[in-house]
Structures are given as C-alpha cells and as structure tokens.
Amino acid sequence: MDESSLQKREQQPSQPAPRPVAEADLRASDADRDRVAEILRDALAEGRLTHEEHSERIDAAYSARTVGELEPLVRDLPAHRQQAAPRPAPAPRPWAAEPTSDEGVQSLVAVFGGATRKGRWRVGRRTNAFACFGGVEIDLTEAVFDRRETVIHTLAFFGGTDIKVPENVTLRCTGTGIFGGFDVETHESADPDAPVVVVTGVALFGGVSAKRKKGKRLKAWGRGETAPGETGGA
C-alpha cells in the first residue's frame, strides 16, 4: 500500500460506536408490570385512586411494552417516591414464566351463544371476555397460574360472564355495572404468595359474577409446580 492510499484511509471517519439503549426504552418484564400493579393496588386501598382510575392504570400497566410506559402510571403516588422507578429485573421464582407468542393474552367471545374455558389450562396475564346476548364461563379451579396476578377484563352487553376461582386465591374487583350487575365476592388469601385474580370491565344491561368455589383449592402455580401443603378438593 503506497503512502497516499494510507493517508486516505487514515482520513476516513471511523464508524460511531452504537449508543446504549436508554433505560426508558428497555422492554418491560412481567416483574416490572407486577411491581407497578402492586403500587396501584396499595393506592386504591388507601383511597388515592378511584376504582375507575385504578382500572385504567392496571390496563395500561399490563399493556406496557417498555419501562418508560410504566413510570408515568405511578409517578404521582407516594409509594413511587419510596422505591425507584420500575427497573428491568428478572422475574422472581416461582412466578417466572417463559414468554409465549400471544404474550399471555387470551380472549373469549360469546355472541348469541356461549364460550367456555375450564379444566386444566395455563392462565395468562390477561383474559378478555365479551358476552353479547350470550354467556362466557371462565373456570380457574383447575388452572395453572404462570404469574402472580392475572386480569380478567370483561364486557357483558345484554349477556353474562361467570367466573369461578379456587377458594385459596385472592379475588379482587374493579368493575362497573351500568344498568347491570357486577357481583364479585372479593377475598384476600391468607397466603401472601397466592395468585391474585382481578376482575374488571363493564356490565351494561348484563351481569358479571365471580365467586370462589368451595372445596376447590389451587394445586399448582408458577412453572406448573405443586404448591407446598396443597391438596385437591372435591
């Protein structure tokens, strides 16, 4: 290589190093979403958020794809000042779950008919149920929970949604009835690590019912593991 060629090569600008991804642009994990949901639940219990505000923020939290989308949801809450803004973190065991192609969202639709989900099935982070002149039945008594919290968002329009849960899980409600009924028997499990089922949505000229099924106790959660000390009921 002659001297002129070498000088030209030295004068060429070097390729800039790739810039690191900003923290707000990092993909949010299930642990990040669960951490924000916990702050929102505490704010609802303390009266800092209305049921409508809590429902909107919970929906936004479980739809968030980046850490930056989660931070505004808790920015105005005291718990947010006590702990750092949501940071990417590995999901704690045994709740860690491998990502799925549907990203943990399932849907059931009943229009002038019925839709049922029961038996042994894996519960995602969110289940959407739509009942229009029909009925949706969601039975979680034999289900396997991947995540600590699952949200069932239902719209019952001249129809109904019936939800059954094991008696040893936590059952909460943020739904609204408009010329309809939202009948959810809320319950806090004695086990702080037990799964949490949040029922939300709207019953418009329809009805939503969620109750614990006596004698049915959750046998498995996390990665399909058997819960310590749990036995199946009748």
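Just so it is clear, the structure is predicted and the values come from calculations on it, not from any experiment.

Break down the overall build of the protein chain for me, with residues and values.
Per the secondary structure count, the protein chain includes five helices and 15 strands. Buried positions account for 41% of the 234 residues belonging to the protein chain. Put simply, of all contacts in the protein chain between residues at least 6 apart along the chain, 67% involve residues at least 24 apart. Of the roughly 12800 Å² of accessible surface on the protein chain, a fraction of 52% belongs to carbon and sulfur atoms.

Just give me the short version of the sheet that holds strand β5 (residues 135-139), but keep the residues and values in it.
Judged by pairing direction, the sheet is parallel, and its five strands sit side by side in the order β2-β5-β8-β13-β11 without closing on themselves. In the strand order of this sheet, the two ends are held by β2 (114-117) and β11 (181-184), each with one partner. Sheet twist, expressed as the mean angle between neighbouring strand axes with direction ignored, is 10 degrees. Direction of pairing for β5 relative to strand β8 (residues 160-166): parallel, over a ladder of five bridges. Across the sheet, glycine 135 pairs through a bridge with glycine 160, a residue of β8.

Residue-level account of unusual backbone geometry, with values.
Non-glycine residue phenylalanine 133 carries a positive phi angle of around 55 degrees. One non-glycine residue, phenylalanine 158, lies in the positive phi region at around 55 degrees. You can see phenylalanine 158 is positioned in the loop between β7 (149-157) and β8. Assessed through its relative accessible area of 38%, phenylalanine 158 is described here as partly exposed.

Just give me the short version of the pairing of β8, but keep the residues and values in it.
In this sheet, strand β13 (residues 207-213) lies alongside β8 in parallel orientation, the contact comprising seven bridges. Bridged to valine 165 within β13 is arginine 212.

An account of helix α4 (residues 67-74) is requested, with residue identities and associated values reported.
Val67, Leu70, Glu71, Leu73 and Val74 are the residues of α4 that are buried. One side of α4 holds all its buried residues, which, seen down the axis, span an arc of 160 degrees.

Could you give me a rundown of the pairing of β7, with the residues and numbers involved?
Pairing geometry for strand β4 (residues 126-132) and β7, over seven bridges, is parallel. Residue pairing in the sheet places phenylalanine 130 in a bridge with leucine 155 of β7. Relative to strand β12 (residues 196-204), β7 runs parallel, the two sharing nine bridges. Pairing of histidine 153 across the sheet is with threonine 200, part of β12.

Describe the packing of aromatic side chains, and please don't skip the residues or the numbers.
The tally for this structure, following the rule as stated, stands at five aromatic pairs. Ring geometry for phenylalanine 157 versus phenylalanine 158: centroids 4.9 Å apart, planes at 85 degrees, classification edge-to-face. For phenylalanine 157, a relative accessible area of 29% translates into the label partly exposed. Feature note: the residues Phe112, Phe133, Phe157, Phe158, Phe179 and Phe205 constitute an aromatic cluster, connected by ring pairs.

Rules used throughout
Residues numbered from 1 in each chain as written. Predicted model: local features only at pLDDT ≥ 70, side-chain atom pairs only at ≥ 80, totals over all residues. Heavy atoms only, no water. Helix = DSSP H or I, 4+ residues; strand = E, 2+ residues; numbered from the N terminus. Buried < 20%, exposed > 50% of the residue type's maximum accessible area, 1.4 Å probe, protein only. Contact = heavy atoms within 4.5 Å. Areas by Shrake-Rupley, 256 points an atom, 1.4 Å probe, with all protein chains shown as cover. Pairing = 2+ DSSP bridges. Axes fitted to C-alpha atoms, helices over the stretch in contact; angles between N-to-C directions. Arc of directions from axis to C-beta. Phe/Tyr/Trp six-rings, centres within 6.5 Å; stacked < 30°, edge-to-face > 60°.

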